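# What the coordinates show
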Amino acid sequence: ALMKLGMDRDDVSVEVLERAKSGFLGIGSSPAKVKVTYEAPDEPEEARVPIVEEAPAAEEPAEPVEEEPYVRVIDPAAPMVALTFDDGPGKRTGELLDALEEHRAHATFFMLGKSMGAYPNEIKRMKKIGCETASHSYDHPNLSKMDETGIRDQVDRTDQKLSEIIGEGASLIRPPYGAISDTMKASVGMPMILWNIDTLDWKTRNAEATVNTVMESVKDGDIILMHDIHTESVDAAVELIPKLIDAGFQLVTVSEMAAAKGIVLENGKSYTDF
Ligand code: NI
C-alpha cells in the first residue's frame, strides 16, 4: 500500500528516512521538513503509527506486581536436617531470618511466651518465610516439676501470646531443659521435641565451636539445638545455613522433616530425631 507521511519535525526526519529506505519513492522538500511517499515495507500497521503521531501519551501507571506465592519443595529422598532455636525471639533473630530467607531455608523457633510481645514482626516473618513457630513454655520453668494446672498455664499463656500475633497457637513444644514428666506426657497436649545434636552454644559462646560441632556430626534426620538469643549463635547459624546446604542438606522445620520421613507426631510423645 502507498503511504503518505507529512512530517515537519526535525527530530523524527532521520527515523523516517531510515524507515523509508526499503520502500523509498521520493522526498518532496528539505530534510528538515520531510515529505515522504513510499511503498510501506511489510510491517504491521501499528508499527508505523508512532512516526506520524505527536509524542506518545504518558504510560499508564504500572499495575502493582504481585509477589509470587512462596513454594518450597522438599525431596523426601534427599538428606535433611532441622535447625531449631530456643529461648527467643531475641535482638538478632531478624538477622537470622534474613539468612534463612536468603537461602530459602526453614528453621523451627521454640519461643518463650514472655518474649513474644517484643518481637511481633519477627514472629510474623517466621511464618511468612516458612519457618515453624513453636512453644518453649511461657517463662522457662522446669515443667517436669509442675502439676497439670501449672503445665497447662504455661502452655496456654504461650499459645495465647502467639495467637495474638499470628492468629494461631503452637503445634509443637520443646520442654525447657529437655525435662519431661509423666504429668507432662498426659497434659501438655503437643508433641514434645527434643534434639540429638546439642551444640552447647549457650556454654561455649563461640561461633566457630558451634559450627564445628554441627559439621563434624551432622547427618540426615538430625534435630540441631541452638539459641538465637546469643549473638555468637546467630553468627554460627548465618555460617551454618549455607554450609549445610552446600553439604547437601535441605533445611526444613521439625514438622516438615517428620512428614517427609512419614512420621506422624503424637501429643505427649517425645522425639529427638527422625
Ligand atoms: Ni531453653
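Residues numbered from 1 in each chain as written. Predicted model: local features only at pLDDT ≥ 70, side-chain atom pairs only at ≥ 80, totals over all residues. Heavy atoms only, no water.

The next thing to look at is the packing of aromatic side chains. The geometry of an aromatic ring pair is captured by two quantities: the separation of the ring centres and the angle between the planes. Going through the model one piece at a time under the given rule, you end up with two aromatic pairs. Aromatic side chains tyrosine 271 and phenylalanine 274 sit 6.0 Å apart centroid to centroid with 45° between the ring planes, which places their arrangement in the tilted category. The buried category is assigned to tyrosine 271, whose relative accessible area is 11%. According to the relative accessible area criterion, phenylalanine 274 is buried, its value standing at 15%. Between arginine 157 and the ring centre of tyrosine 138, over which it is positioned, the NZ or CZ distance is 4.0 Å. (Phe/Tyr/Trp six-rings, centres within 6.5 Å; stacked < 30°, edge-to-face > 60°. Buried < 20%, exposed > 50% of the residue type's maximum accessible area, 1.4 Å probe, protein only. Lys NZ or Arg CZ within 6 Å of the ring centre and 35° of its normal.)

With that out of the way, let us pick up the packing of helix α5 (residues 120-128) against helix α6 (residues 148-166). To describe two helices that pack against each other, one gives the angle between their axes and the distance between the axes. Packing of α5 against α6 brings their axes to within 9 Å, and their N-to-C directions diverge by 80°. Classified by the interaxial angle, the pair formed by α5 and α6 is roughly perpendicular. Residues Pro120, Ile123, Lys124 and Lys127 of α5 form the contact with α6, whose participating residues are Leu162, Ile165 and Ile166. Here the residues of the contact of α5 with α6 are counted per class, giving five nonpolar, no polar and two charged. (Axes fitted to C-alpha atoms, helices over the stretch in contact; angles between N-to-C directions. Helix = DSSP H or I, 4+ residues; strand = E, 2+ residues; numbered from the N terminus. Parallel < 35°, antiparallel > 145°, perpendicular 65-115°, else oblique. Contact = heavy atoms within 4.5 Å. Nonpolar A, V, L, I, M, F, W, Y, C, P; charged D, E, K, R; others polar.)

Taken together, the protein ligands of the nickel ion are Asp87 (OD), His136 (NE2) and His140 (NE2), with distances of 2.1 to 2.2 Å. Positions of the donor residues of the nickel ion, expressed as sequence spacing, correspond to D-x48-H-x3-H. In this pair, aspartate 87 sits in the loop between β4 (80-86) and α3 (93-102) while histidine 136 sits in the loop between β6 (132-135) and α6, placing the two residues 49 residues apart along the sequence. Taking the relative accessible area as the measure of exposure, histidine 136 reaches 2% and is therefore buried. (Donors = N, O, S within 2.8 Å, 3.2 Å for Na, K, Ca; no water.)

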